[in-house]
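# A structural walkthrough
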Amino acid sequence: MIIQTAFSAPSLWSSCSAYRFNLNPLLFSKTRRRSPWHSTRLSSRLFAVAASANGTFTSPEIAKSFDFTSEERIYNWWDSQGYFKPNFDRGGDPFVISMPPPNVTGSLHMGHAMFVTLEDIMVRYNRMKGRPTLWIPGTDHAGIATQLVVERMLASEGIKRVEMSRDDFTKRVWEWKEKYGGTITNQIKRLGASCDWSREHFTLDEQLSGAVIEAFVRLHDKGLIYQGILPSSVKNCLFHCCLILSGFAVPGCH
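A short tour of the structure in this document, coming up. (Residues numbered from 1 in each chain as written. Predicted model: local features only at pLDDT ≥ 70, side-chain atom pairs only at ≥ 80, totals over all residues. Heavy atoms only, no water.)

Counting its regular elements, the protein contains 10 helices and 6 strands. The proportion of buried residues among the 254 residues of the protein is 22%. By sequence separation, contacts in the protein at least 24 residues apart represent 65% of the contacts at least 6 residues apart. Within the structure as shown, the protein displays about 18700 Å² of accessible surface, and the carbon and sulfur contribution to it stands at 59%. (Helix = DSSP H or I, 4+ residues; strand = E, 2+ residues; numbered from the N terminus. Buried < 20%, exposed > 50% of the residue type's maximum accessible area, 1.4 Å probe, protein only. Contact = heavy atoms within 4.5 Å. Areas by Shrake-Rupley, 256 points an atom, 1.4 Å probe, with all protein chains shown as cover.)

Now the structure itself:
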């Protein structure tokens, strides 16, 4: 009311001529420019309505404290609704990053928590800006660590690796991976990582293995890599596994 009265008075308006050109015309025009965040706010409201209708969320005004047991249910609902998948209908430059694959034998530690948090911030930021956003998850085969774990499991059964054929041992490794290899993946999900899990890959998947071979062949053809002899000074022998490692793979040797 005060603003309306002030600007409706001719004498006051004329005396303020030095300032009227600094006023934003959008504040006084009948046609307001649509905010670029309008569609985002609208979709957010629709998201909240859909989630509330399904009983996924509980209003903070009703709940006295945050219920941590609801996190998994909310996350699974996000994933099932496809909110982590890129929407290419929006147009714009895609934002795509791949997750540094954690070891399939591992469990969550502070390093994983740090990179998941930082990458999730970047992914959610670009997704809220309306860009088609994709975060590709996966796990690494961690060959040596996996072999040691499987050998311990076989030893508990009274079986030695050297008594098995290569194919039989490989089969047991894959069986272990299918049964126990998802621990760290589930832990990353519990952190709230907004990955497109429909695109999850394992480093020994046929598609990725083929891509690695193709990359090495191209680099070799361009003369960027070559096969050489490892100097004896940087060789490290693991007698238990009968493996040879370079100094870069052994802590304290590089």
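Continuing now.
All right, on to the pairing of strand 1 (residues 95-98) then. Here strand 1 shows one buried face, formed by Phe95 and Ile97, and one open face, formed by Val96 and Ser98. Crossover connection from strand 1 via helix 6 (residues 110-128) to parallel strand 2 (residues 133-136): handedness right-handed. (Right-handed = clockwise from strand over helix to strand, strands pointing away.)

Our focus in this paragraph is a nonpolar patch on the surface. Taken together, the side chains of Met114, Leu118 and Ile121 present a nonpolar region at the surface, about 320 Å² in accessible area. Structurally, methionine 114 can be placed in helix 6. (Patch = residues over 30% accessible without salt bridge, like charges linked within 9 Å, V, L, I, M, F, W, Y side chains within 5 Å. Salt bridge = Lys/Arg side-chain N within 4 Å of Asp/Glu carboxyl O.)

A word on the packing of aromatic side chains. Overall, the coordinates contain 5 aromatic pairs when judged by the stated rule. With a centroid separation of 6.2 Å and an interplanar angle of 75 degrees, the aromatic rings of tryptophan 78 and phenylalanine 84 are classed as edge-to-face. With 6.1 Å between their ring centres and 35 degrees between their planes, tryptophan 176 and tyrosine 180 make a pair best called tilted. Highlighted residues: tryptophan 176 and tyrosine 180, both in helix 8 (residues 166-180), separated by 4 residues, approximately one helical turn. (Phe/Tyr/Trp six-rings, centres within 6.5 Å; stacked < 30°, edge-to-face > 60°.)

This paragraph deals with the environment of glutamate 214. Tracing the backbone through its elements, the reader meets glutamate 214 in helix 10 (residues 206-221). A distance of 2.7 Å separates the side chain of glutamate 214 from the side chain of arginine 218, its partner in a polar contact. (Polar contact = N/O pair within 3.5 Å; in protein donor to acceptor, adjacent residues only side chain to side chain.)

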